[in-house]
Amino acid sequence: MSARRWRRRLTSGAMTGLVGALSFLAVLALVLILGDLIAKGASSLDWSFFTHNPVPAGETGGGVANAIVGTAIVVGLAAVIGLPVGIGTGLYLAEYGSGRLGWVVRFVADVLNGTPSIVIGIFAWTWLVKPMGHFSGFAGSLALAVLMIPMIARTTEEMVRLVPHSLREAALALGYPRWRTSLRVVARTALAGIVTGCLVGVARIAGETAPLLFTALGNLNFSTHVLEPMQTLSLQVFVYATGPFDEWHRLAWAAALVLMGLVLLLSLAARWAVRQRSHGSAR
Amino acid sequence: MTTLPIEPVAAAEPRWQALRGANAGDRLYRAALTALALTLPLLLFALLAELVASAWPAMRRFGVPFLWTSVWDPVAGVFGAAPMIFGTLASSLVALALAVPLALGVAIYLTEFAPKWLRQPVAFLVELLAAIPSVVYGLWGIYVLIPFLRGHVVPALRAALGWTPFFDGVFYGNSLLAGSVILAIMIVPYIAAVSREVLLAVPASQREAAVGMGATRWEAVWTAVVPYGRAGLLGAGILGLGRALGETMAVTMLIGNRHDIGLSLLQPAYTMAAAIANEFSEATTDIYLSALFEVGLILFVVTVVVNALARLLIWRVARGTAVGSRAL
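S.K.: Mind showing me how you'd approach the overall build of chain B here?
M.R.: A tally of helices and strands in chain B yields 11 helices and two strands. Buried residues in chain B amount to 48% of all 328 residues. Of all intrachain contacts in chain B linking residues separated by at least 6 positions in sequence, the fraction that spans at least 24 positions is 76%.

S.K.: Is there a simple way to think about the environment of Trp272 of chain A in this case?
M.R.: Examined against the element boundaries, Trp272 of chain A turns out to sit in helix H11 (residues 246-280). It is 8.3 Å that separates the C-alpha atoms of Trp272 of chain A and Thr196 of chain A, two residues lying 76 residues apart in sequence.

S.K.: Explain the environment of Met59 of chain B to me, please; I cannot follow it from the model alone.
M.R.: All names here are of chain B. Structurally, Met59 can be placed in helix H1 (residues 24-62). Of the residues examined, Met59 has 16 C-beta atoms within 10 Å and is grouped as partly exposed. When the C-alpha atoms of Met59 and Val136 are compared, they prove to be 35 Å apart, with 77 residues separating the residues in sequence.

S.K.: Please explain the packing of helix H5 (residues 117-132) of chain A against H1 of chain B as it appears in this structure.
M.R.: Helix packing for two helices is described by the angle between their axes and how far apart those axes are. At their nearest, the axes of H5 of chain A and H1 of chain B sit 10 Å apart, and the two run at 85 degrees to each other. Considering the angle they form, H5 of chain A stands roughly perpendicular to H1 of chain B. Between H5 of chain A, through Phe123, Thr126 and Trp127 of chain A, and H1 of chain B, the contact on the second element is made entirely by Leu47, Glu50, Leu51 and Ser54 of chain B. Split into classes, the residues belonging to the contact of H5 of chain A with H1 of chain B amount to four nonpolar, two polar and one charged.

S.K.: How do you make sense of the interface of chain B and chain A when you look at a structure like this?
M.R.: The extent of an interface is frequently quoted as the accessible surface area lost upon association of the parts. Of the residues lining the interface, 77 residues belong to chain B; the matching set on chain A comes to 83 residues. For the side of chain B that touches chain A, the leading source of residues is H1 of chain B, giving 17 residues. When grouped by side-chain class, the residues that make up the side of chain B that touches chain A number 53 nonpolar, 17 polar and seven charged.

S.K.: Please clarify how the nonpolar core should be interpreted in this entry.
M.R.: Soluble globular proteins tend to bury their nonpolar side chains together. Counting residues in each nonpolar core, the largest one holds 201 residues, and the members touching the most others are Val237, Ala255 and Ala256 of chain A together with Val188 and Ile191 of chain B. Of the domains in this structure, domain 1 (2-43) and domain 2 (49-280) of chain A are the two that each give at least three residues to this core. When near neighbours in sequence (up to four residues on either side) are disregarded, Val188 of chain B contacts Ala26 of chain A together with Ala99, Leu102, Ala103 and Leu129 of chain B.

S.K.: Could you clarify how one ought to interpret the confidence of the model for chain B in this entry?
M.R.: As a general rule, the predicted coordinates of low-pLDDT regions are not to be interpreted in detail. Residues and elements named next belong to chain B. Across chain B, the average pLDDT comes to 88, with 90% of residues at 70 or higher. Contacts for the low-pLDDT stretch residues 320-328, under 50 throughout, to residues beyond four places or in other chains number 27 contacts. Predicted as a complex, the structure gets a pTM of 0.90 and an ipTM equal to 0.92.

S.K.: How do you make sense of the domain arrangement of chain A when you look at a structure like this?
M.R.: All names here are of chain A. Partitioning chain A into structural domains gives domain 1 (2-43) and domain 2 (49-280). Between the C-alpha centres of domain 1 and domain 2 there is a distance of 33 Å. The interface of domain 1 with domain 2 comprises five residues on the first partner and five residues on the second. Among the residues forming the side of domain 1 that touches domain 2, the class breakdown is three nonpolar, one polar and one charged.

S.K.: Please clarify how the packing of helix H4 (residues 134-161) of chain B against helix H5 (residues 176-200) of chain B should be interpreted in this entry.
M.R.: Residues and elements named next belong to chain B. Orientation of H4 relative to H5, taken along the N-to-C sense of each, is 120 degrees, at an axis distance of 10 Å. Here H4 is positioned oblique relative to H5, judged by the angle of their axes. The two elements H4 and H5 meet at a crossing, and its hand is right-handed. Facing Tyr137, Gly141, Leu145, Ile146 and Leu149 of H4, the residues of H5 in contact are Leu177, Ala178, Val181, Ile182 and Met186.

S.K.: How do you make sense of helix H7 (residues 217-228) of chain B when you look at a structure like this?
M.R.: Think of an α-helix as turning once every 3.6 residues; residues three or four places apart then point the same way. For H7 of chain B, built from 12 residues, the straight-helix expectation of 16 Å at 1.5 Å per residue is met to within 8% by its first-to-last C-alpha distance of 16 Å. Along H7 of chain B, the residues that are buried comprise Trp218, Ala220, Val221, Val225 and Val226 of chain B. Taken end-on, H7 of chain B shows its buried residues confined to a sector of 140 degrees, consistent with a single buried face. Elements that come into contact with the buried residues of H7 of chain B comprise helix H1 (2-41) of chain A together with helix H2 (82-113), H5, helix H6 (204-212) and helix H8 (230-246) of chain B.

S.K.: Please explain unusual backbone geometry as it appears in this structure.
M.R.: With the exception of glycine, most residues fall at negative phi, and the peptide bonds are largely trans. Not every positive phi belongs to a glycine, and Leu217 of chain A is a case in point at roughly 70 degrees. Mapped onto the elements of the fold, Leu217 of chain A is located in the loop between helix H9 (191-206) and helix H10 (233-242). Unusually for a residue other than glycine, Asn257 of chain B sits at a positive phi of about 50 degrees. Mapped onto the elements of the fold, Asn257 of chain B is located in the loop between helix H9 (249-254) and helix H10 (272-279).

Reading guide: rules and limits
Residues numbered from 1 in each chain as written. Chains lettered and ligands numbered in written order. Predicted model: local features only at pLDDT ≥ 70, side-chain atom pairs only at ≥ 80, totals over all residues. Helix = DSSP H or I, 4+ residues; strand = E, 2+ residues; numbered from the N terminus. Buried ≥ 20, exposed ≤ 12 C-beta atoms within 10 Å, placed from the backbone. Contact = placed C-beta atoms within 7 Å. Axes fitted to C-alpha atoms, helices over the stretch in contact; angles between N-to-C directions. Parallel < 35°, antiparallel > 145°, perpendicular 65-115°, else oblique. Nonpolar A, V, L, I, M, F, W, Y, C, P; charged D, E, K, R; others polar. Core = buried A, V, L, I, M, F, W, Y, C linked by C-beta atoms within 7 Å. Domains from an automatic or database assignment. pLDDT = per-residue confidence, 0-100. Left-handed = near helix turned anticlockwise from the far one by under 90°. Expected span 1.5 Å × (residues − 1). Arc of directions from axis to C-beta.

Written as structure tokens, this is what we have:
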């Protein structure tokens, strides 16, 4: 009897240790990846890395100025296109989404959310690149916007639904029309949550590569023309990492570190926005 | 105080007749939001129509045997997707086998055993794994993971299991094994996050009842909590599978990209997403391009089915709550 009890306790302790160790392992993977990025990338980060364009293959040096500017333009344009549509869809789902159309839109958003980004990439190619006859940063932005809209729509809906009914009823009782109630009172209250969703969405598309392969394509020169091929950090990391030169591999680590830094910054900003919200609504 | 019989405002009348009394601003607002919301169904329709239209020549030429033909010859214009379908399923399932125990362990630890102060930070760090761009995983995989596998893991695997067909042949680095391991790391945060939400949704009475009957803490978790959330945990795993199936960049960089069907994890393989990424820009003939579109269409349909299944399972456990619908 007591031996059995002892064994059961031992099992419990061992399994607790095991799940703890598994958690440690998952965190360790993150630490290792970030650590390697810093160890192999940080030494290449100097002023010229940020201010120069890539040099021809075989030469040493060169930087990612074109890729940084390209990422800003492609991702920025995607946000300009995707955020209003995503937020609007989210507001629709929260305000009028109880009917059949709401069900359809919600279902479609979930389907598109799980669609592989490479499929979105070839879709954007047939719609924009093929008819226009050439690759362009704009086509890349649109592909990223398509990836982003369903995500933003669902988080916005969730955040708007958290706003208490009493607030909405109070505004309506004061004679506010529904549209002003929705925008000035409800959306305003959910603003921190909506901003968080937007930041997470932008962070996710900033690191995307697959949808850009056949749209933005990449460009070794500095370009700010959105109707021409454009370089992004993610495309640059891909080309450099899979290329044959050691010099390229060094630059790949550095570019990956910059990209990771950008994504982490956006993710942490999103987390900070959440914190603002929870402080604001603490009762 | 009595409650006034006010209709909850959010339960908006779905019928358009309800608009008759509304003012111009409200009508305009609703019309604008509806137009924006219609974007998504239109996009999905356009996506499907475009994929089917572009894949149509290949579908007509190769028919259903496209799925189990393993010839991929751009010069002769003969295409079959079997190696890629096999590689996609094999890499995703191996990744799932590695990721599920790990992610489930994380979820159980964080909901049942971890000290309170540790829960939020660890959950955040694990979720950060989902923020790492795919191409960065690929880079890390090529220069850190593969050397590690070659130096430590493969010799050990060979020594223990070399007699099975799964660890046969020379290990060149880029292989099914490397692709699966990187996929496993990439899907852990998704499975862990959803599993954690599922376990949190299990009522405390389940635990209390088990402990009250003399169960140890682990027995309570394993016999009362986990079985209660079974469907949701299964859903979490299938959601991870959906992610793994469509993952492109990291797998393209690590799996070796060879049109082969082999049992050995040490050999190169191919996935549907990787084939599109690699060959789309070099597809010179129309039928080649069309075949790649058909691969894309198959991938799309498979991920839609897998994701729908996952959502249904998760909804069964946590009906009405938003578990799993949150984009990470």
